[in-house]
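What follows is each chain in one-letter form.
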There are 2 protein chains.
Amino acid sequence: MSGLAEKAEAFRQLHHGNGILVLPNAWDVPSARTFEDAGFPAVATSSAGLLVSHGYPDGEGMPRREFVRAIGRIASAIAVPLSADLVAGFGRGPRGVVATVRAVIEAGAVGINLEDKEPVRGSLFPVPAQVRKIRAIREAATSLGVPIVINGRTDALRAESIDATKRFDEAIRRATAYRDAGADCVYPMGLTDGPSIERFVRALQCPVNVMVRAGLPPLSELARLGVKRVSFGPGASYATMGLLRRISEDVLKRGSFASLLDGAISFDELNRLAVPRTAPPSPSD
Amino acid sequence: MSGLAEKAEAFRQLHHGNGILVLPNAWDVPSARTFEDAGFPAVATSSAGLLVSHGYPDGEGMPRREFVRAIGRIASAIAVPLSADLVAGFGRGPRGVVATVRAVIEAGAVGINLEDKEPVRGSLFPVPAQVRKIRAIREAATSLGVPIVINGRTDALRAESIDATKRFDEAIRRATAYRDAGADCVYPMGLTDGPSIERFVRALQCPVNVMVRAGLPPLSELARLGVKRVSFGPGASYATMGLLRRISEDVLKRGSFASLLDGAISFDELNRLAVPRTAPPSPSD
């Protein structure tokens, strides 16, 4: 997997430039390819976007094999690095999570997101348990020779089990532990206001990922605050379904096809999005 | 498959009302559900939209099993009738095409599109060969007890092998043969101008499907011309990728997240699109 090793390293470097890495999250081949064609230097998947696209609510209800196949389809279609959002890893404990990570690396991913929220009950995993998983992932990736970028997500800021006044400190405590266990980047879900982002970045002293949402400071301000990575999350899926609603309303209420036709790409442009640009990496090379 | 029989019959009736059946073409679960939620009485798939979404150029390059699974995911997620675009049937000759039709009926589809263009070479199948397939499909559907709606598409209007002055008559000849072989609706790909649509509808005297594209007369005019069905084709996929391009340009050139956030739906709204509304039909009921 020598090609993957270089791709993983190139992806890591994107977290250490002067600017911010803006990472668009795709859910299928053409969404990923459109982002790549537009000039994004890397693409990620969104778990909600990808799972819902396949008919599963966000979480881990999609069979792991089917999930990995979907990641592989996207990885095979693009040339830039792909980071796969693995929810909580599709497995209980380090062994299960590592099996998923190996599978997505073999499918062509060079980065992963791992969250610390139990996907069914919604409770937070104990820090030592999450740390063990991150350490095991780092070791497995090293033994595969692919230095993947691990983005350690914490949901502490939205944990109802934690007193609201203590969530911020808990998020810093968790992110610090994940960083020390081998995460390259940390991702405090729900961090949106400038002063909190600044405090968080200063406390962590490693790349911090924030998600685009209404109220997030503009890119220039995020750069000033020291943010290194901004991801869309499921934002492009939200936007797409919003467009389909407007198209539907236009047709059903006004008998108009305007929003279906305005700004659309052509058949040839759509079709080209599925013509492979790179060969899928095989586990044996 | 008693539920499917009623659904197929309800779908057929939508072609015989006073108005026009407007059929939006989806490519995955949330696009289909968004159309259903908006109030469309039936949903179709677009072959280009669905195949490209899975990483295959339009045609039949997607393995049949994977294609049928994708149809099944969509059929299981919606309550309204689903029509599956089968390209040329994913099989050579009546037997192969019938196997595909059986599989998509078992997956929950109650309508199909079948085109008369060979998917690799692009040449038109001889009329007798296409007629044999349509007859075999009708017989198979009858023996399954599911009176599916067959939409017989002809690509004669765009066939380079036919003299341009003779294409229109050839399209009428083919559509007539498909109608007589058991197609409920005929679909002359590329028919867009009012006078030609009117001549075609008068010649066929059965439901005619036209596709939305720039230059198509408005719905009210299509109704006056006697059109019974208007489909989006891959239009919603074109529109969606157009939006992703604008989002990308907004972010990369202007550092703005406005087109990502404006008019977007919420996480809960996206997630609900994957919560099953109906149980998937099983082959045994």
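Note that the structure is a prediction, hence the values are computed from the model and not measured. (Residues numbered from 1 in each chain as written. Chains lettered and ligands numbered in written order. Predicted model: local features only at pLDDT ≥ 70, side-chain atom pairs only at ≥ 80, totals over all residues. Heavy atoms only, no water.)

**Structural notes on the interface of chain A and chain B**
- Between chain A and chain B, the residue contacts involve 63 residues of the former and 63 residues of the latter.
- Area buried by chain A at its contact with chain B is led by A:Tyr238, A:Met241 and A:Phe257, which between them contribute 12% of it.
- Inspection of the chain A/chain B interface yields four salt bridges.
- The salt bridge involving A:Arg73 is made with B:Glu66; its shortest N-O contact spans 3.1 Å.
- Where chain A packs against chain B, one counts 14 residue pairs in polar contact (both at pLDDT 80 or more).
- Within the residue set of the side of chain A that touches chain B, elements represented by two or more residues are helix H2 (29-38), helix H3 (47-53), helix H4 (64-77), helix H10 (235-254), helix H11 (258-261) and helix H12 (267-272) of chain A.
- Among the elements that line the side of chain A that touches chain B, the one with the most residues is H10(A), at 16 residues.
- By residue class, the composition of the side of chain A that touches chain B is 36 nonpolar, 17 polar and ten charged. (Contact = heavy atoms within 4.5 Å. Buried area = accessible area lost by both parts, 1.4 Å probe. Salt bridge = Lys/Arg side-chain N within 4 Å of Asp/Glu carboxyl O. Polar contact = N/O pair within 3.5 Å; in protein donor to acceptor, adjacent residues only side chain to side chain. Helix = DSSP H or I, 4+ residues; strand = E, 2+ residues; numbered from the N terminus. Nonpolar A, V, L, I, M, F, W, Y, C, P; charged D, E, K, R; others polar.)

**Quick look at the confidence of the model for chain A**
Residue and element names in this part refer to chain A.
- Across chain A, the average pLDDT comes to 95, with 96% of residues at 70 or higher.
- Taken as a whole, residues 279-285 scores under 50 in pLDDT and shows eight contacts with residues more than four places along the chain or in a different chain.
- As scored by the predictor, the complex reaches a pTM of 0.95 and an ipTM of 0.95. (pLDDT = per-residue confidence, 0-100.)

**Regarding the relation of the copies chain A and chain B**
- With an RMSD of 0.0 Å, the fit of chain A onto chain B corresponds to turning through 180° and sliding 0.0 Å along the axis. Expressed as a symmetry operation, the mapping of one chain copy onto the other fits a two-fold axis. Among all residues of chain A, the one whose C-alpha sits closest to the rotation axis is A:Thr240, at a distance of 3.0 Å.
- The overlap is high: 100% of the interface residues of chain A also sit at the interface in chain B, so the same surface is used on both sides. (Least-squares fit on C-alpha atoms with pLDDT ≥ 70 in both.)

**Some thoughts on the side chain of A:Asp250**
- Following the sequence through the fold, A:Asp250 ends up in helix H10.
- For A:Asp250, the residues in contact, after removing those within four places along its chain, are A:Gly255, A:Ser256, A:Ala258 and A:Ser259.

**Describing the sheet that holds strand S9 (residues 229-231) of chain B**
Residues and elements named next belong to chain B.
- Across the sheet, three strands lie side by side as S1-S9-S8; this open sheet has parallel pairing. Since the sheet does not close on itself, it has two edges, and those belong to strand S1 (21-23) and strand S8 (209-211), each with one partner. Strand-to-strand twist in this sheet, taken as the mean axis angle between neighbours without regard to direction, amounts to 25°.
- Bridge analysis of S8 against S9 gives three bridges, and the strand direction is parallel. Across the sheet, residue Asn209 finds its bridge partner in S9, namely Arg229. (Pairing = 2+ DSSP bridges. Axes fitted to C-alpha atoms, helices over the stretch in contact; angles between N-to-C directions.)

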